[in-house]
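Observations on chain architecture
Spelled out from the first residue to the last, the chains are:
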Amino acid sequence: MSILFINGSPNKNGNTAALAAVLLEGREYETLNLTDYRIGSYGQKFEGDQLEQVIAKMKEADVIVVGSPLYWHNICGSVRNVLDRFYGLVEKGELSGRTLYFLFQGAAPEKWMLEAGDYTMKRFAALYGMRYGGMAVNRDEAGRLGKNI
């Protein structure tokens, strides 16, 4: 089983990566730090844009774990750019057969913020044919969710 962890945090070894380590404990996985990639916003066309590389890695994986810190009450910008940019580049159902997990952490998130992030990732998974494995927002939840992988 091939596992890809997409880290949306600018802190490569921060809380988001720590949640991934708990979720994926005992398993080999590749980490893709979005801050290492040049990915423009939806509607922009930059020479050297690297979203296609991220998509290619996702297509190679059986399990995709997306991790995002909670910034401004929502999913961080680097992850949001990836989600937004999928539209038109990836066909509906194109990632079928894969399972998507979401790690979403912040200092003091409110319930509605977590619900919005969970809803977004459920919809993203469904649109591209992935099974949504669930969301973890702390170490205990990540440990429990990791038992399902």
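Located above this text is the structure these notes cover.
This text gives an overview of the structure that appears in the document.

The rules behind each value
Residues numbered from 1 in each chain as written. Predicted model: local features only at pLDDT ≥ 70, side-chain atom pairs only at ≥ 80, totals over all residues. Heavy atoms only, no water. 1 Å grid on protein atoms, 1.4 Å probe; cavity = no way out; pocket = protein on both sides within 12 Å on 5 of 7 lines; lining within 4 Å. Points joined across faces, edges and corners; volume = space filled by probe spheres on them. Helix = DSSP H or I, 4+ residues; strand = E, 2+ residues; numbered from the N terminus. Axes fitted to C-alpha atoms, helices over the stretch in contact; angles between N-to-C directions. Left-handed = near helix turned anticlockwise from the far one by under 90°. Contact = heavy atoms within 4.5 Å. Nonpolar A, V, L, I, M, F, W, Y, C, P; charged D, E, K, R; others polar. Core = buried A, V, L, I, M, F, W, Y, C linked by side-chain atoms within 4.5 Å. Buried < 20%, exposed > 50% of the residue type's maximum accessible area, 1.4 Å probe, protein only.

**Some words on empty space enclosed by the protein**
One pass over the structure, following the stated rule, counts one cavity of 30 Å³ or more. A volume near 40 Å³ is recorded for the largest cavity. Lining the largest cavity we find Ile6, Met58, Val66, Val79, Val82, Leu83 and Phe124. At three residues, the largest contribution of residues to the lining of the largest cavity is made by helix H3 (residues 77–86).

**Comments concerning the packing of helix H1 (residues 15–23) against helix H5 (residues 139–146)**
The geometry of H1 relative to H5 is characterised by a closest axis approach of 7 Å and an angle of 35° between their N-to-C directions. Crossing hand, H1 versus H5: right-handed. Taken together, the residues of H5 that come into contact with H1 (itself represented by Ala18, Leu19, Val22 and Leu23) are Arg139, Ala142, Gly143, Leu145 and Gly146. Residue classes in the contact of H1 with H5 are distributed as six nonpolar, two polar and one charged.

**Observations concerning the nonpolar core**
If you look at the biggest cluster of nonpolar residues, it comprises 32 residues, and the most contacted ones within it are Ile6, Met58, Phe86, Leu100, Met121 and Phe124. Contributing elements (two or more residues each) for this core: strand E1 (3–7), helix H2 (51–60), strand E3 (63–71), H3, strand E5 (99–105) and helix H4 (111–127). It is H4 that provides the largest number of residues to this core, a total of five residues. Discounting chain neighbours no more than four positions away, the residues touching Leu100 are Ile64, Val66, Met121, Phe124, Ala125, Met130, Arg131, Tyr132, Gly133 and Gly134.

**Here we look at the packing of H3 against H4**
Where H3 contacts H4, the axes come no closer than 11 Å and their chain directions differ by 35°. In this structure, H3 crosses over H4, and the sense of that crossing is left-handed. Between H3 and H4, the residues in contact are Arg80, Leu83 and Phe86 and Thr120, Met121 and Phe124, respectively. A per-class count over the contact of H3 with H4 returns four nonpolar, one polar and one charged.

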